[in-house]
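Chain residues, written in single-letter form:
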Amino acid sequence: MALLLSACGYHLRGALQLPEAMKKIYVSGASAELSAAIAYTFRSASGELVATPAEAGMILNVIKEDYQRRTISLSNEGYSNEYELIYRLTFDLLDKNGDELVTKQTVESSKSYYNEQSSDTLISKDNEEAMLREELYTQAVRSVVERARAALKKAMP
């Protein structure tokens, strides 16, 4: 059954399809967290994060990364109990020849979560925030891929 489904072009919902030019990507200026998210996302989509620009079909140049955590609401005692996590990535994309494909753009992703202040939940809430942060990086990577796909489609005659 799996063989039949893969042969007909069936893909799981949410599965990322990389354009051929993005199968090998070089990343410049990214944080360790973003680099890990890119590597994971590309591996799961049969892509590869390469070590040099010469090996790449596309170059992601990270101009700026910004991560913020803001308080959304307070408890009756004045403690923060709901937060919003915001991640912004400013980047440009170059093709394998070094020509600009996507001019400086910014993508933003955000998540909010409830954080009841008690000693019982402190560690679990820290873990929840770490997982949400990873999701923000993954969302940003997917947005970059979608913008690259649109730019490649526009560049094709």
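Residues numbered from 1 in each chain as written. Predicted model: local features only at pLDDT ≥ 70, side-chain atom pairs only at ≥ 80, totals over all residues. Heavy atoms only, no water.

## Focus on the overall build of the chain
Cut-off, in case you're wondering: A run of H or I in DSSP becomes a helix once it reaches four residues, and a run of E becomes a strand once it reaches two; helices and strands are each numbered from the N terminus. Under the convention used here, a 1.4 Å probe and the Shrake-Rupley method define accessible areas, while residue burial counts only the protein chains that appear.
Helices and strands together make up the secondary structure of the chain, namely three helices and five strands. Total accessible area on the chain is roughly 9900 Å²; 51% of this is exposed by carbon and sulfur atoms.

## Some details on the packing of aromatic side chains
This is how it is decided: Each Phe, Tyr or Trp ring, with Trp reduced to its six-membered ring, pairs with another whose centre is within 6.5 Å; inter-plane angles below 30 degrees give stacked pairs, above 60 give edge-to-face pairs, and intermediate values give tilted ones. Think of it in three bands: with a 1.4 Å probe and only protein chains considered, a residue is buried below 20% of the maximum accessible area for its type, exposed above 50%, and partly exposed in between. For a lysine, the NZ atom is tested; for an arginine, the CZ atom; a charge sits over a ring if that atom is within 6 Å of the ring centre and within 35 degrees of the ring normal.
By the definition in use, this model includes two aromatic pairs. Considering the side-chain rings of Y83 and Y113, the 5.8 Å spacing of their centres and the 35° angle between planes classify their relative orientation as tilted. Of this pair, Y83 sits in strand β4 (residues 80–95) while Y113 sits in strand β5 (residues 100–114), and the two are 30 residues apart along the sequence. Residue class for Y83 comes out buried when judged on its relative accessible area of 9%. Since its relative accessible area comes to 4%, Y113 is described here as buried. Taking NZ or CZ as reference, R69 lies 3.8 Å from the ring centre of Y83, over its face. Above the face of the Y67 ring, R133 is positioned so that its terminal group lies 3.7 Å from the ring centre.

## Regarding the confidence of the model for the chain
Heads up, the rule is: A score from 0 to 100, pLDDT tells how confident the predictor is in each residue. Residue contacts are defined here by distance: any two heavy atoms, one from each residue, within 4.5 Å place the two residues in contact.
Predicted confidence across the chain gives a mean pLDDT of 85, with 83% of residues reaching 70 or more. For the chain, per-element mean pLDDT is lowest for helix α1 (residues 2–7), which scores 46, and highest for strand β1 (residues 24–28), which scores 96. Between residues 3–13, whose pLDDT stays under 50, and residues either more than four places distant or in other chains, the model counts two contacts.

## Some remarks on the pairing of strand β3 (residues 58–74)
To keep it simple, the criterion reads: In short, DSSP must find at least two bridges between two strands for them to pair.
Pairing analysis gives four bridges linking β1 to β3, with the strands arranged parallel. When the sheet's bridge partners are listed, Y26 is paired in β3 with I59.

## Thoughts on the environment of F42
Inspection of the secondary structure assignment puts F42 in helix α2 (residues 32–44). Remark: the alpha-carbon pair of F42 and M22, spanning 20 residues in sequence, is separated by 9.0 Å. Non-local contacts of F42, meaning those with residues more than four positions away in its chain, are made with L18, M22, I25, G47, E48, V141 and V145.

## Thoughts on the nonpolar core
So the rule is basically this: Residues grouped as a nonpolar core are buried Ala, Val, Leu, Ile, Met, Phe, Trp, Tyr and Cys residues, joined through side-chain atoms within 4.5 Å.
Membership of the largest hydrophobic core comes to 32 residues, with the highest contact counts inside it found for L34, I38, F42, L60, L89, F91 and L93. When contributions to this core are tallied by element, the ones reaching two or more residues are β1, α2, β3, β4, β5 and α3 (122–155). Sorting elements by how many residues they give to this core places α3 first, with ten residues. With near-sequence residues (within four places) excluded, L89 lies in contact with L34, V62, K64, E65, Q105, T106, V107, A140 and V144.

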